[in-house]
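Tertiary structure, described
The primary structure of each chain is shown beneath.
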Amino acid sequence: MRYVSTRGGGNPRSFTSILLEGLAPDGGLFVPERYPVILLPELKAMRAMSYPQLAFALLSKFAGDIPAADLEAMVNRTYTKDIFRSEDITPLRTLEPGLHILGLSNGPTLAFKDLAMQLLGNLFEYVLAKEGRELNILGATSGDTGSAAEYAMRGKKGIRVFMLSPHQRMSPFQTAQMFSLHDANIFNLAVKGVFDDCQDMVKAVSNDAAFKTKHRIGTVNSINWARVAAQVVYYFKGYFAATKTNDEVVTFSVPSGNFGNIYAGHIARSMGLPIKRLILATNENNVLDEFMRTGRYRVRKSSEVHATSSPSMDISKASNFERYVSDILGGNSTRLNALWAQLGSDGSFDLSGDKFRDMIAATGFSSGSSTHADRISTIRGLHEDYGVIVDTHTADGIKVGLQYREEGVPLICLETAQPAKFSETIQEALGREPDRPAGYENIESLPQRFEVIDADAAKVKAYIAVRT
Ligand SMILES: *Cc1c(COP(=O)(O)O)cnc(C)c1O
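The nonpolar side chains of a soluble globular protein tend to be buried with one another. Formed by 109 residues in total, the largest nonpolar core has its most connected members in Phe236, Phe259, Phe291 and Phe321. When residues of this core are sorted by domain, at least three fall in each of domain 1 (3-82 + 111-224 + 446-465) and domain 2 (89-108 + 229-430). If we skip the residues at most four places from it in the chain, Phe236 touches Ile38, Leu43, Met46, Leu54, Leu58, Ala268, Met271 and Leu273. Ile376, Leu382, Leu411 and Cys413 belong to the second largest nonpolar core, which has 18 residues in total.

Structure, rendered in structure tokens:
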């Protein structure tokens with residue numbers, strides 16, 4: 001399996017050679033030359049597999065240049081009961097026949113990003129050791145992504161993490177999650193400013209090519225190919241858990257922001273997993289829902305982005321979306337370049353003139369959006385009807401998913417975070433706090449390790465320079 005850029009530039013590359021990269025050199029995203037296809041006998045064998053066995057079977061198709069025994073060892077070290085608090089890794093809860101929740105949020109930071117990030121930590125450490133290299137990860141976070149990265153990279157050889165977060169602006173729970181890490185390779189920098197200041201500082205450092213090379217600066221954002229590949233696994237796992245035979249089809253509903261999670265579902269479907277529909281759910285930041293309904297993709301200005309009660313879906317543009325557009329255009333990189341050039345100049349493009357409906361229908365996508373009031377009533381309704389408490393993001397997915405529910409087709413709603421992370425909204429909906437998972441009861445009272453820093457890129461450079 002080799003990887004090429006959506007924009008058509010450069011030569012095909014191997015999995016490990018793109019592992020530590022962000023954008024392709026021509027500004028595009030790396031995608032496989034073609035998706036591997038799973039035929040029925042293989043699908044049949046997969047049904048009996050444990051999560052790590054399934055992960056190994058699928059990831060070997062994407063990471064062909066890692067020796068099988070090494071990949072298997074990494075996968076076995078990653079997907080353990082110890083880390084994900086369940087033998088199933090992604091347990092399926094059945095609310096009633098044909099309606100399920102796939103639990104993706106049982107990892108260390110209680111959100112689905114752990115499923116990919118925990119593997120990434122092991123893959124990075126492995127490839128860096130092989131090449132005798134080091135990597136200094138610089139990131140900005142308003143909560144979820146930063147903590148998932150820190151928990152994945154803590155204690156890893158050859159890796160340091162410098163994570164910028166807005167000082168005193170994250171929830172006490174999120175702050176405690178990150179700042180209670182005491183590993184020598186994790187550096188929490190609380191920036192006197194807002195999240196945008198943190199992001200600007202990362203950009204300023206990344207734009208200094210000499211500094212970047214000298215200090216081996218890298219990132220772990222959601223466009224990383226290995227993260228996407230790791231997410232394909234739970235679509236297979238969820239399918240097998242919700243069905244008895246491979247003749248059945250299912251529908252997934254996916255709370256979406258940067259289009260990483262649902263794009264993995266699109267890959268699973270393209271590989272031959274019997275998925276009828278992929279339902280894309282957004283919150284008030286409905287860039288993607290608008291595209292699916294109208295064919296128009298319009299990036300939002302940061303002033304247009306709503307701060308919602310499902311904050312991990314508050315996006316202005318969807319960083320993985322280019323990969324999907326490349327697919328529906330049949331890999332036509334000339335066309336894709338033109339669209340992204342237009343996006344750069346006009347802030348939008350429009351595919352409604354193409355056989356848009358057919359292109360979207362061929363990929364099985366449907367979409368919808370939800371509001372704060374929808375989240376509240378969904379959380380309440382599920383609690384009353386089934387006695388479960390779901391988080392706000394999961395509620396967005398369930399609300400839209402139920403609109404498309406079909407007789408005879410199991411609906412699998414992806415649970416992307418634990419309610420304990422968003423207790424304020426749970427309190428508003430149910431008048432009580434959600435229970436915290438074991439081990440997180442007193443997280444706010446653990447000793448914290450962080451440094452406060454001015455919102456100044458020169459300060460962060462100086463900080464990194466003396467530690468790398
Ligand atoms: C990141 C995140 C999402 C959005 O996932 P994408 O892959 O960016 O579409 C949804 N819910 C939660 C809780 C998240 O952390």
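What follows is about the packing of aromatic side chains. Overall, the coordinates contain 25 aromatic pairs when judged by the stated rule. Measuring from ring centre to ring centre gives 5.5 Å for Tyr297 and Phe349, while their planes differ by 45 degrees; the resulting arrangement is tilted. One end of the pair, Tyr297, is in strand 11 (residues 296-298); the other, Phe349, is in strand 12 (residues 348-350), with 52 residues separating them in the sequence. The two residues Tyr297 and Phe349 agree in class, both being buried. Members of the aromatic cluster, each reached through a chain of ring pairs, are Phe259, Phe291, Tyr297, Phe321, Tyr324, Trp340, Phe349, Phe356 and Phe365. Across from the ring centre of Phe187, 5.9 Å away, lies the NZ or CZ of Arg449, which sits over that ring. Above the plane of the ring of Phe211 lies Lys461, whose end atom (NZ or CZ) is 5.8 Å from the centre.

Surrounding the ligand, one finds 15 residues, the nearest of these being Lys113, Gly257, Asn258, Asn261 and Thr416. Between the ligand and Asn261 there is a distance of 2.9 Å, counted from an oxygen atom to a backbone nitrogen or oxygen. One of the side-chain N or O atoms of Thr416 is found 2.9 Å from a nitrogen atom in the ligand. Contact with the protein chains hides 97% of the accessible area of the ligand, taken as 390 Å² for the molecule alone. Grouping the constituent residues of the shell around the ligand by class yields five nonpolar, eight polar and two charged. Residues from two domains meet in the shell around the ligand; each of domain 1 (3-82 + 111-224 + 446-465) and domain 2 (89-108 + 229-430) gives at least three.

Within a sheet, adjacent strands bond to each other through the backbone by hydrogen bonds, running parallel or antiparallel. What the six strands build is an open sheet, ordered 3-4-14-9-10-13; its pairing is mixed. For this open sheet the edge positions go to strand 3 (92-96) and strand 13 (365-369), each flanked by a neighbour on one side alone. Sheet twist, expressed as the mean angle between neighbouring strand axes with direction ignored, is 25 degrees. Across the face of the sheet, helix 12 (residues 260-270) comes into contact with strand 9 (250-255), strand 10 (275-282), strand 13 and strand 14 (411-415) while running at roughly 170 degrees to strand 10.

What follows is about the packing of helix 17 (residues 372-386) against helix 18 (residues 392-403). Close contact between helix 17 and helix 18 brings their axes to 9 Å; oriented N to C, the two are set at 85 degrees. With respect to helix 18, the axis of helix 17 lies roughly perpendicular. Along its contact with helix 17, which presents Asp374, Arg375, Thr378, Ile379 and Leu382, the element helix 18 presents Thr392, Ala395, Asp396, Ile398 and Lys399. Looking at the contact of helix 17 with helix 18 residue by residue, the class counts come to four nonpolar, two polar and four charged.

Turning our attention to unusual backbone geometry. A negative phi angle characterises most non-glycine residues, just as the trans form characterises most peptide bonds. One non-glycine residue, Ile89, lies in positive phi territory at about 65 degrees. Looking at the element boundaries, Ile89 is found in the loop between helix 5 (81-84) and strand 3. One non-glycine residue, Phe259, lies in positive phi territory at about 70 degrees. With respect to the helices and strands, the residue Phe259 is situated in the loop between strand 9 and helix 12.

Scoring rules and cut-offs
- Residues numbered from 1 in each chain as written.
- Predicted model: local features only at pLDDT ≥ 70, side-chain atom pairs only at ≥ 80, totals over all residues.
- Heavy atoms only, no water.
- Core = buried A, V, L, I, M, F, W, Y, C linked by side-chain atoms within 4.5 Å.
- Buried < 20%, exposed > 50% of the residue type's maximum accessible area, 1.4 Å probe, protein only.
- Domains from an automatic or database assignment.
- Contact = heavy atoms within 4.5 Å.
- Phe/Tyr/Trp six-rings, centres within 6.5 Å; stacked < 30°, edge-to-face > 60°.
- Helix = DSSP H or I, 4+ residues; strand = E, 2+ residues; numbered from the N terminus.
- Lys NZ or Arg CZ within 6 Å of the ring centre and 35° of its normal.
- Near = heavy atom within 4 Å.
- Polar contact = N/O pair within 3.5 Å; in protein donor to acceptor, adjacent residues only side chain to side chain.
- Areas by Shrake-Rupley, 256 points an atom, 1.4 Å probe, with all protein chains shown as cover.
- Nonpolar A, V, L, I, M, F, W, Y, C, P; charged D, E, K, R; others polar.
- Pairing = 2+ DSSP bridges.
- Axes fitted to C-alpha atoms, helices over the stretch in contact; angles between N-to-C directions.
- Parallel < 35°, antiparallel > 145°, perpendicular 65-115°, else oblique.

All quantities given are derived from atomic positions and should not be read as evidence of function.
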